[in-house]
Amino acid sequence: MSSTPVPKRELANIGPIQQLKSGRLPRRLPQLLFGLYLYGASMAMIVTSGLGMMPWDVLHSGIIKHLPLTFGTIVTITSFLVLLIWIPLKQQPGLGTVLNALLIGPSLDLTRLFLPQPEELWWNIALLVGGIILNGVASAMYIGSQFGPGPRDGLMTGLSRATGKSIRLVRTLIEVSVVIVGWLLGGVFGIGTALYAVGIGPITQFLLPTFTVELRPRPRPHAKG
């Protein structure tokens, strides 16, 4: 007796209006907001560990050495440049894309107020490893809420869909690439950067099916006979 396979949950590439009309908002909205807060909190843990920046921040710290701009301005400009790459990938933005830019920074600053500055190596390592794992959880949560990914995660999901390659592989290649470019530009690099680059893809890939909320299709009107 053969059993029917359970259908795989997939990320929908739909516009912001359709995202809001796809139902399950009481589940999806809290998951989006909590996921974004955890993302900023995980970044604070990695920064506080002092063992290396996240890959995109290595790129940002390299660019800032060549342009008379603030770190935050570089991050914002990079976000808009990445969004331009979305166009040929036909990746659609959404509420999550906007909130990603607005909430992650404040949640990072808020979390750092409560994190003690580590004085022992084991505490640095615990913050780093915990931050990387939490970042994978947070990424899966807010992407899986189906409100559209942030600029950099949208590049990941868009390339994954366009190439047919796994999110694990695509994200790892992106993270390694931005680290190399950032390092060549003089960016700050550490052991934590390497661990994040090779670890975040598999963690997100593993957790994404758990947090991906299946959208409810809109019922079609019955045709009159």
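Anything mentioned here points back to the structure above.
Residues numbered from 1 in each chain as written. Predicted model: local features only at pLDDT ≥ 70, side-chain atom pairs only at ≥ 80, totals over all residues. Heavy atoms only, no water.

J.: Whenever I open this one, the side chain of T212 confuses me. Can you help?
T.: Relative to the helices and strands, T212 is located in the segment after α9 (191–211). Side-chain polar atoms of T212 contact the backbone oxygen of L208, separated by 2.7 Å. (Helix = DSSP H or I, 4+ residues; strand = E, 2+ residues; numbered from the N terminus. Polar contact = N/O pair within 3.5 Å; in protein donor to acceptor, adjacent residues only side chain to side chain.)

J.: Just checking my understanding: could you explain the packing of helix α2 (residues 25–49) against helix α5 (residues 95–114) for this structure?
T.: For any two helices packed against each other, the geometry is given by the interaxial angle and the distance between the axes. Two numbers describe how α2 lies on α5: the axes approach to 7 Å, and their chain directions differ by 45 degrees. On the basis of the axis angle, α2 is oblique to α5. Between α2 and α5 lies a crossing whose hand is right-handed. Counted together, L29, L32, L33, L36, Y37, Y39, G40, A41, M43, A44, V47 and T48 of α2 and L95, G96, L99, N100, L103, I104, S107, L108, L110, T111 and R112 of α5 form the full contact between these two elements. For the contact of α2 with α5, the class distribution of residues is 16 nonpolar, six polar and one charged. (Axes fitted to C-alpha atoms, helices over the stretch in contact; angles between N-to-C directions. Parallel < 35°, antiparallel > 145°, perpendicular 65-115°, else oblique. Left-handed = near helix turned anticlockwise from the far one by under 90°. Contact = heavy atoms within 4.5 Å. Nonpolar A, V, L, I, M, F, W, Y, C, P; charged D, E, K, R; others polar.)

J.: Would you take a moment to explain the pattern of salt bridges for this structure?
T.: A side chain of one charge can pair with a side chain of the opposite charge if their charged atoms are brought near each other. Taken as a whole and assessed by the stated rule, the structure comprises two salt bridges. Residues R171 and D153 are paired through a salt bridge, measuring 3.1 Å at the closest nitrogen-oxygen approach. With R171 in helix α8 (residues 167–184) and D153 in helix α7 (residues 151–163), the pair connects residues that are 18 residues apart, well separated along the chain. Assessed through its relative accessible area of 5%, D153 is described here as buried. A salt bridge links E175 to R171; the nearest nitrogen and oxygen atoms lie 3.1 Å apart. With a gap of four residues between them, E175 and R171 both fall in helix α8, about one helical turn apart. On the basis of relative accessible area, E175 is assigned to the buried category, the value being 4%. (Salt bridge = Lys/Arg side-chain N within 4 Å of Asp/Glu carboxyl O. Buried < 20%, exposed > 50% of the residue type's maximum accessible area, 1.4 Å probe, protein only.)

J.: Would you mind going over α8 with me for this structure?
T.: For an α-helix, the turn length of 3.6 residues means that residues three or four places apart are oriented alike. Look at α8: 26 Å from first C-alpha to last across 18 residues, which is about the 26 Å you get at 1.5 Å a residue. Listed as buried for α8 are I167, V170, R171, T172, I174, E175, V178, V179 and G182. In this fold, the buried residues of α8 make contact with α2, α3 (55–63), α6 (121–144), α7 and α9. Near the N-terminus of α8, the side chain that reaches the backbone nitrogen of L169, with its oxygen 3.1 Å away, is that of S166. Two residues or fewer after α8 comes G186, characterised by a positive phi angle close to 100 degrees. (Expected span 1.5 Å × (residues − 1).)

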